[in-house]
Amino acid sequence: MNLTLFIQQLLNGLSIGSIYAIFALGYTLIFSILGIINFAHGAIFTLGAYLTYALMGEAFGFNGLLANAALPIKLPFPLALILGSIIAGLVGVAIERIAFRPLRRRGADPLLTVVSSLGVALIVVNLIQYLVGAENYTFPGNTFGNLPASINFGSGENPIPIRTVQIVIFLVSVLVLAILTYFINYTKYGKAMRAVAEDPTTASLLGINTDGFIVLTFFISSFLAGVAGTLVGSSVSIAGPYFGIAFGLKGLAVIVLGGLGSIPGAVLGGLLIGVVEAFVPGQYSAYKDAVAFGILFIMLLVRPQGLLGRRLIQKV
Amino acid sequence: MSQQVLSKDNSILEAKGLTRRFGGLVAVNNVSFSVQKHEIFGLIGPNGAGKTTLFNLITCLLPPSSGQLIYEGEKISQLRPHQVASKGISRTFQNIRLFGELSALENVMIGRHIHSRNIHPVAALVSGMLALPVANQQEKETKQKALELLEMMGLNDRTNEKAKNFPYGDQRRLEIARALALEPQILLLDEPAAGMNPNEKHQLSEFIREIRDRFNLTIILIEHHVPLVMGLCDRIAVLDFGQLIALGEPAVVRNDPAVIEAYLGDD
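The paragraphs below set out a description of the structure included in this document.

Our focus in this paragraph is the pairing of strand 4 (residues 66–71) of chain B. Along a regular strand, successive side chains alternate from one face of the sheet to the other. Residue and element names in this part refer to chain B. Looking at chain direction, strand 1 (residues 11–22) and strand 4 are connected through five bridges and run antiparallel. Pairing of Glu14 across the sheet is with Ile70, part of strand 4. Examined bridge by bridge, strand 4 and strand 5 (residues 74–75) share two bridges and lie antiparallel to one another. Each bridged residue has a counterpart across the sheet, and for Ile70 the counterpart in strand 5 is Lys75. Remark: two residues form the turn of the hairpin made by strand 4 and strand 5, two consecutive strands paired antiparallel; Glu72 in that turn has positive phi of roughly 45 degrees.

At the junction of the two partners, chain B supplies 28 residues and chain A supplies 23 residues. Residue assignment for the side of chain B that touches chain A shows that the elements contributing at least two residues are helix 2 (81–87), helix 3 (104–111), helix 4 (121–129) and helix 5 (133–152) of chain B. Tallying contributions element by element places helix 4 of chain B first for the side of chain B that touches chain A, with five residues. Taken together, the residues that form the side of chain B that touches chain A break down as 14 nonpolar, nine polar and five charged.

Turning to unusual backbone geometry, a few remarks are in order. Residues and elements named next belong to chain B. For Asn30, which is not glycine, the phi torsion reads 50 degrees and is therefore positive. The residue Asn30 is located in strand 2 (residues 25–36) in this model. Accessibility expressed as a C-beta count within 10 Å gives 15 for Asn30, which makes it partly exposed. The phi angle at Cys60 is positive, at roughly 65 degrees, despite the residue not being glycine.

Our next topic: the sheet that holds strand 6 (residues 89–91) of chain B. All names here are of chain B. The strand order across the open sheet formed by six strands is 6-7-8-3-9-10, and the pairing between neighbours is mixed. Of all the strands in the sheet, the pair left with one neighbour each is strand 6 and strand 10 (243–248). Neighbour to neighbour, the strand axes of the sheet diverge by 20 degrees on average, direction disregarded. Pairing between strand 9 (residues 235–240) and strand 10: five bridges, direction antiparallel. For Val238, the partnering residue across the bridge sits in strand 10 and is Ala246.

About the thresholds
- Residues numbered from 1 in each chain as written.
- Chains lettered and ligands numbered in written order.
- Predicted model: local features only at pLDDT ≥ 70, side-chain atom pairs only at ≥ 80, totals over all residues.
- Pairing = 2+ DSSP bridges.
- Helix = DSSP H or I, 4+ residues; strand = E, 2+ residues; numbered from the N terminus.
- Contact = placed C-beta atoms within 7 Å.
- Nonpolar A, V, L, I, M, F, W, Y, C, P; charged D, E, K, R; others polar.
- Buried ≥ 20, exposed ≤ 12 C-beta atoms within 10 Å, placed from the backbone.
- Axes fitted to C-alpha atoms, helices over the stretch in contact; angles between N-to-C directions.

So, in structure tokens, the structure goes:
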């Protein structure tokens, strides 16, 4: 492998890995507060991509209830991304109300909540299919305005062209990660969130409304899923209503690799899996997922708590 | 919806026929008492007498099966724990419950959650990002208050260390600092002297009086160490199998035959 290809694949890997990271962070935030995996996360990812697509004023296909319909507004990509992800976040909040809170109030077994979230995932996915059909949607060619299709990171005689969309993805992801890190570590609400994650009972006795912070966590988590879905959709295409489900499984590999409940772990795990996948030779690219889960299995054997996870201590 | 009830004399907290059942077990059985403002009120009794359950009722971690709790003239039993905490009832735990993964400073800052100015989370996020003075000022004030409390507890030399790395005695003091950060009216201490040597227990008595006066607190404490309770408390309530068997000043309770039989005689 020559140097040009190496750098290209490395940057591609970091780009897709940074999406894995923000997507997996959504899982991690909810896991660290409720101790469960939210299987609706992948469906929100899908929803976010469709929402951004719709907000850019693009028309849907000829299948489904909304055949050939388009919103009368054409938002530029950054605005559509933000607004679409906010709506995805609000859908996450609604899901918490409908599928999580009633079970939590009754002290239901966590497994039941997991099943409930799976049910929500299927409903969201089927609803999308009912509304807009199962075909592929590609973001418009001018999604990123007048930016060139690729940017040369090498010199004139040694070109290292990188697709602009990969750079945009990476920058957006880094920005989102920076904002989230600041919020969690340095604001009153971030501290309270961490307190609720560690011990909700004690947090409530310090005047913290734990339900409110669970809602906030669902909003942030689903917002992140919406951003990730949009970025993947704009980079390749929206591959039908089920495209978030496979991505959702990949996200699980990322958080187990990084360490369940660890925020830096989710970021590291995401980047790692992204880069390793990028170096899977072209003729084997159909086996990328197998590589990700192969890493996961090895990790579970060697270091079950994940790269940055804490060793689980039985609570007495 | 809270109904105003006229409080007698100088009472800050009143339990009226408070009962809590767990299945067939009656952990707290028809208990009534009234705690006066600025009092140090002791709660003693053998293991399983229902003392911690009573604390859980007062902090609304558990709803009572029947009976009422009245705090500053208001029924509080139907409130949620964070609401009671905001109204000024704060506590520590028998088995210390710090946020172990967070620093000592963060633990105390979280205790100030209800006091730091309420700006919207989104506003906090945006203004923090842009380094606007609002968010930074808010965090600075909270941090300043937290540092003062840590200094008072003699914990100011390791404020950025994770709470779980502190030795046992320091964890107890850190938990009290966090409880005080709420600026409570009533402080509930669940076995504050557990694991302390006689000298430390003596210092603890002095310390509890000091914070009572300094922060104008009412203190309710559960404690097994009888000499400490007798020396420190203004009044003592004795629980046995969930029932209140004696209530009064230490000298009276000490000589109560029912108390001697149920508890003190055991020693």
